[in-house]
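# Observations on the three-dimensional arrangement
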Amino acid sequence: MLSLRRPRALVPPALALALAALLLGHRLVPDLGGAGTLVDSFLPWFGLGVLPIAGLALVLRSRSGPAALLVPVLAWAALFVPSAPDGGPGGLTVVTQNVGAGNPEAGAAAAALAGTGAGLVAVQERTGRTGPAIDSALRPGHPYRAFAGTVGLWSRYPLGEMERLDLAQGWARALRARVRLPSGPVTVYVAHLASIRLGETAARDRALAELTGLLRADRSPRVLVLGDLNTASTDRRFDALAATVPEVRTGFGFTWPAAFPLTRPDHVLARGLTPAAATVLPAHGSDHLALQADFRP
């Protein structure tokens, strides 16, 4: 009996170490059929794997199981605990949301964004159906506007030059605008990158690479990127973008699907600005939650 129990007792520690290896080495998972992107996108949830392993250790009476479980727990903590926001008041507030192309509550969603007191509001999926309600809600407090396809930027502050961006998507669904803040100019990018499906990321990958290239070439001292990038923070292809313009972290900050958020395709990134706080806001009929970020003066 001892010879049989001992190998069984080694199963929970082996699974715990495998889980830790997956967490720390997720970018090494081959992206065959989109498997790597899937693991990257939902990586924080893999931490729940410690629960069945713990149950198995209990059933098999594995003495080394509980100690081995500390390895994936510590690996998970190293990856995600540092992503908590700093907190504190900010001198500039920005918000962004994919409001949903057919959202019957688009006006309410836009009004909620305006109600945050944000100086800059970015919207994705502004369509002929949702546009009038969104414009009506945002125009009073944000008289300066710029549009490209289904994305828009509303500002309390004057806008300088604006450029519509294709980002290798076949049509302009992104923009770059110069905003004249009281503290000085900031270059703002608003983007909605191509959607992804399991095994179908090529269009998103091209758009993400194009955006990253533009940001690398942009010598503006202060840069903001707002939008639905259809790329999770843990996606291996997000690293190059975040290395160019760092993400403003919001803890996990899951934004999609709004009913039970599992991942974060929506982002605020900033260079040359000091983040003070960030949070996730209600959806108001969209399948994406909104994001808010505050920056110190």
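The sections below set out a description of the structure shown in this document. Starting from 1, residues in each chain are numbered consecutively following that chain's sequence as written. Predicted model: local features are reported for residues with pLDDT of at least 70 only, side-chain atom pairs are reported and counted for 80 or more only, and whole-chain, interface and lining totals are derived from all residues. Heavy atoms throughout the structure, all of them, feed into the side-chain values; hydrogens and water do not.

### Here's the deal with the overall build of the chain
Just so we agree on the cut-off: The helix and strand labels rest on DSSP assignments: H or I over at least four residues marks a helix, E over at least two residues marks a strand, and numbering proceeds from the N terminus. Accessible area is worked out with a 1.4 Å probe on protein chains only. A residue is then buried under 20% of its type maximum, exposed over 50%, and partly exposed in between. Only heavy atoms matter for contacts: two residues are in contact if any of them lie within 4.5 Å across the pair. For accessible areas, the Shrake-Rupley method is used with a probe of radius 1.4 Å. Any residue's cover is judged against the shown protein chains and nothing else.
Within the chain, the secondary structure is distributed over nine helices and eleven strands. Oriented by its inertia axes, the alpha-carbon framework of the chain measures out at about 80 × 40 × 40 Å. Sorting the 297 residues of the chain into buried and exposed places 50% on the buried side. Taking all contacts inside the chain whose residues are at least 6 apart in sequence as the whole, residues at least 24 apart take part in 66%. Here the chain displays about 13400 Å² of accessible surface, and carbon together with sulfur accounts for 62% of that area.

### What to know about the sheet that holds strand β9 (residues 266-271)
Under the convention used in this document: Strands qualify as paired when DSSP identifies two bridges or more between them. Only C-alpha atoms enter the line fits that serve as axes; for helices the fit covers just the stretch in contact. Angles between N-to-C directions range over 0 to 180 degrees.
Ordered by their spatial adjacency, five strands build an open sheet running β5-β6-β7-β8-β9, and the pairing between neighbours is mixed. Of all strands in the sheet, those bounded by a partner on one side alone are β5 (159-165) and β9. Strand after strand, the sheet turns through a mean of 15° between neighbouring axes, direction not considered. Of the pairings in the sheet, the one linking strand β7 (residues 184-192) to strand β8 (residues 223-228) comprises six bridges and is parallel in character. The residue bridging Y189 from the neighbouring strand is V225, located in β8.

### So, a nonpolar patch on the surface
Stated precisely, the cut-off is as follows: Every patch collects residues that have over 30% relative accessible area and no salt bridge, joining them within 9 Å if they carry like charges and within 5 Å if they are nonpolar side chains (Val, Leu, Ile, Met, Phe, Trp, Tyr). By salt bridge we mean one thing: a side-chain nitrogen of Lys or Arg within 4 Å of a carboxyl oxygen of Asp or Glu.
Taken together, W45, L48, L51 and F260 make up a surface patch of nonpolar side chains, about 430 Å² in accessible area. Secondary-structure assignment places L51 in helix α4 (residues 50-59). Under the relative-accessibility criterion, L51 is labelled exposed at 57%.

### What about helix α5 (residues 65-80)?
Counted only if it meets this: To estimate how far a helix should reach, multiply one less than its number of residues by 1.5 Å.
The first and last C-alpha atoms of α5 sit 23 Å apart over 16 residues, in line with the 22 Å expected at 1.5 Å per residue. Of the surrounding elements, those touching the buried residues of α5 are α2 (11-24) and α4.

### A few points about the nonpolar core
Just so we agree on the cut-off: We call a set of buried Ala, Val, Leu, Ile, Met, Phe, Trp, Tyr and Cys residues a nonpolar core when their side-chain atoms join them within 4.5 Å.
Membership of the largest hydrophobic core comes to 27 residues, with the highest contact counts inside it found for V94, L153, V179, V188, L224 and F295. If you tally residues by element for this core, the top one is strand β6 (residues 174-181), at four residues. Once you skip the residues sitting within four places of it in the chain, V179 turns out to touch L120, L153, S155, Y157, P158, L159, G184, P185, V186 and V188.

### Examining the environment of A259
Topologically, A259 is positioned in the loop between α9 (239-244) and β9. With 251 residues separating them along the chain, A259 and R8 place their C-alpha atoms 40 Å apart.

### Things to note about the sheet that holds strand β11 (residues 290-295)
With mixed pairing, the six strands of this open sheet are ordered in space as β3-β4-β2-β1-β11-β10. Of all the strands in the sheet, the pair left with one neighbour each is β3 (144-148) and β10 (275-281). Ignoring strand direction, the axes of neighbouring strands in this sheet form an average angle of 15°. Across five bridges, strand β1 (residues 92-98) lies against strand β2 (residues 120-124) in parallel orientation. Paired with Q97 across the two strands is V123, which belongs to β2. Of the strands in this sheet, β1, β2 and β11 are in contact with helix α6 (residues 106-115), which crosses β1 at around 165°.

### Some remarks on the pairing of β3
Here β3 runs beside strand β4 (residues 151-155); their pairing, made up of five bridges, is antiparallel. By the bridge assignment, Y144 is partnered in β4 with S155. In this structure, the hairpin formed by β3 and β4 is closed by a connection of two residues, where G149 is found at a positive phi of approximately 60°.

### Let's talk about the side chain of R204
As a reminder, the rule being used: The term polar contact refers here to a pair of N or O atoms within 3.5 Å; inside protein, the definition further demands a hydrogen-donor-capable atom paired with an acceptor-capable atom, and it admits residues adjacent in sequence only when both atoms are side-chain atoms.
In this structure, R204 sits in helix α8 (residues 202-217). Among the polar contacts listed, one links the side chain of R204 to the side chain of T231, at a separation of 3.1 Å. Residues within four places of R204 in sequence aside, it is in contact with T37, A194, S195, I196, L229, N230, T231, D235 and R237.

### A look at the packing of aromatic side chains
Remark: the centre distance and the inter-plane angle together describe each pair of aromatic rings, the angle taken between the planes. Just so we agree on the cut-off: For this analysis, a ring pair means two rings from Phe, Tyr or Trp (six-membered ring only for Trp) whose centres lie within 6.5 Å, classed as stacked if their planes differ by under 30 degrees, edge-to-face if by over 60, and tilted for the remaining angles. Any Lys NZ or Arg CZ that is within 6 Å of a ring centre and within 35 degrees of that ring's normal is treated as a charge sitting over the ring.
Under the criterion given, the structure shown has seven aromatic pairs. Centroid distance W45 to F260: 6.1 Å. Interplanar angle 35°. Geometry classified as tilted. Here the residue W45 occupies a position in the loop between α3 (35-41) and α4, and F260 occupies one in the loop between α9 and β9, the gap between them amounting to 215 residues. The partly exposed category is assigned to W45, whose relative accessible area is 31%. Accessibility expressed as a relative area gives 52% for F260, which makes it exposed. The rings of W45, W76, F80, F252, F254 and F260 are connected pair by pair, giving a single aromatic cluster. The side chain of R126 reaches across the aromatic face of F147, ending 4.0 Å from its centre.

### Overview of α8
For the record, the criterion: It is the directions from the helix axis to the C-beta atoms whose arc is reported.
Taking 1.5 Å per residue as the helical rise, α8 with its 16 residues ought to reach 22 Å, and the 23 Å between its terminal C-alpha atoms agrees with that figure. If you check which residues of α8 are buried, you get R204, D205, A207, L208, L211, T212 and L215. Buried positions in α8, seen along its axis, are confined to an arc of 165° and lie on one side of it. If you follow the buried residues of α8, they end up packed against α3, β7, β8, α9 and β9.

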